[in-house]
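# Summary of structural features
Here is how the chains run, residue by residue.
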Amino acid sequence: MARLNTWRWAVFGLAALYFLVPLAASVVFTVDVPGQGVTYAYTQIVSADGFVSSLLLSLELAAATIAIVLLLMVPAMVALRLGAPRLRPVVEVVCSLPLVVPPIAFVAGLSTVLKWGPEHLSRTPLFQTFVAIQNPDFPFVLVLAYVVMALPFVYRALDAGLRAVDVPTLVEAARSCGASWPQALVRAVLPNLRGGLMNAAFLTLALVLGEFTVAQLLGFQPFAVWIYSVAGSQAQLSVAVSVLSLFVTWALLLALAGVGGRGRTESRG
């Protein structure tokens, strides 16, 4: 038993070194410049040109993506569990397809459609639709792309949450009390699916904040693309923003774990 614990600590130590050494080197790079001494790159982040606008754009895209993907997947997953459990492997395969298609191929097909639409639909009302979804102030086309890319993660999170809940019994009890189907979903199922919903929302948020390929190739500048563009002229600032965003992501993950653990404790009590 002592030998097993030793190996566990050894593996844990190696993993910690693997992650913490590059992170520490990045932090040192952001606060110490050879020949100049200690600098304060982190104090320049908020005032940097484009930081606030790109971060707000990414957060808006993330909020829209989370709302749409949950509105699509939650009713579908509940209906699948209630009425057609045999179709679960089919839905799982369909939702996993974005993991198979490389992002570069995905965005190539997307850009082809965006170019084809205005040329062939210029005399139809759909022309304005193609123009509207590519508005640089809020490129809804990125939301559509992110919804597709988030499907595998949202499906796994919701599936794990639904496996821990007796959905048929909850819905039947709600229906016997006079609740409609939407009321049964909102008042009986969703409160017991809070952990799965939060996991799905967090994974989608992390995906949107860190996604680069689709936004860059389509010509938009959310947060990840802004970090890349700043790296060419202000490398220290770019690394500082990356480190800060990593710490914020960790903080969100710890907060999610704390809320989930507290929710499980309350439900047991």
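Residues numbered from 1 in each chain as written. Predicted model: local features only at pLDDT ≥ 70, side-chain atom pairs only at ≥ 80, totals over all residues. Heavy atoms only, no water.

### Some details on helix H9 (residues 194-210)
When the terminal C-alpha atoms of H9 are compared, their 24 Å separation across 17 residues agrees well with the 24 Å that a helix rising 1.5 Å per residue should span. Taken as a whole, H9 has its buried residues at Gly196, Leu197, Ala200, Phe202, Thr204, Leu205, Leu207 and Val208. (Helix = DSSP H or I, 4+ residues; strand = E, 2+ residues; numbered from the N terminus. Expected span 1.5 Å × (residues − 1). Buried < 20%, exposed > 50% of the residue type's maximum accessible area, 1.4 Å probe, protein only.)

### Describing the packing of helix H3 (residues 88-100) against helix H6 (residues 140-163)
At a minimum axis separation of 6 Å, H3 and H6 run at an interaxial angle of 140 degrees. The two elements H3 and H6 cross, and the hand of that crossing is left-handed. Touching Arg88, Val91, Glu92, Cys95, Ser96, Pro98 and Leu99 of H3 are Val148, Met149, Leu151, Pro152, Phe153, Tyr155, Arg156, Asp159 and Arg163, all from H6. Here the contact of H3 with H6 is composed, by residue class, of 10 nonpolar, one polar and five charged. (Axes fitted to C-alpha atoms, helices over the stretch in contact; angles between N-to-C directions. Left-handed = near helix turned anticlockwise from the far one by under 90°. Contact = heavy atoms within 4.5 Å. Nonpolar A, V, L, I, M, F, W, Y, C, P; charged D, E, K, R; others polar.)

### Topic: a nonpolar patch on the surface
Residues Leu87, Val90, Val93, Val94, Leu97, Leu99, Val100, Val101, Phe153 and Leu203 make up a contiguous nonpolar surface patch of roughly 880 Å² in combined accessible area. At six residues, the largest contribution of residues to the nonpolar patch is made by H3. Its location among the elements puts valine 101 in the loop between H3 and helix H4 (103-120). You can call valine 101 partly exposed: its relative accessible area is 39%. (Patch = residues over 30% accessible without salt bridge, like charges linked within 9 Å, V, L, I, M, F, W, Y side chains within 5 Å. Areas by Shrake-Rupley, 256 points an atom, 1.4 Å probe, with all protein chains shown as cover. Salt bridge = Lys/Arg side-chain N within 4 Å of Asp/Glu carboxyl O.)

### Concerning the packing of aromatic side chains
Under the defined criterion, the tally for this structure stands at six aromatic pairs. Note on tyrosine 18 and phenylalanine 19: the rings are 5.3 Å apart at their centroids and 90 degrees apart in plane angle, and the pair reads as edge-to-face. Here the two residues tyrosine 18 and phenylalanine 19 agree in accessibility, since each one is exposed. Both rings, one in phenylalanine 51 and one in phenylalanine 223, keep their centres 5.9 Å apart while their planes meet at 70 degrees; by these two values the pair is edge-to-face. In this pair, phenylalanine 51 is assigned in helix H2 (residues 51-83) and phenylalanine 223 in helix H11 (residues 223-231), connecting sequence segments 172 residues apart. Like phenylalanine 51, the residue phenylalanine 223 is buried in the burial classification. One aromatic cluster is present, formed by Phe51, Phe223 and Trp226 through successive ring pairs. (Phe/Tyr/Trp six-rings, centres within 6.5 Å; stacked < 30°, edge-to-face > 60°.)

### Looking at the confidence of the model for the protein chain
The share of residues in the protein chain with pLDDT of 70 or more is 90%, and the mean pLDDT across the chain is 83. The secondary-structure element of the protein chain with the lowest mean pLDDT is strand E2 (residues 37-38), recorded at 57, while H6 shows the highest, at 92. (pLDDT = per-residue confidence, 0-100.)

### As for the side chain of serine 58
Looking at the secondary structure, you find serine 58 in helix H2. For serine 58, the side chain forms a polar contact with the main-chain nitrogen of phenylalanine 223, separated by 2.7 Å. (Polar contact = N/O pair within 3.5 Å; in protein donor to acceptor, adjacent residues only side chain to side chain.)

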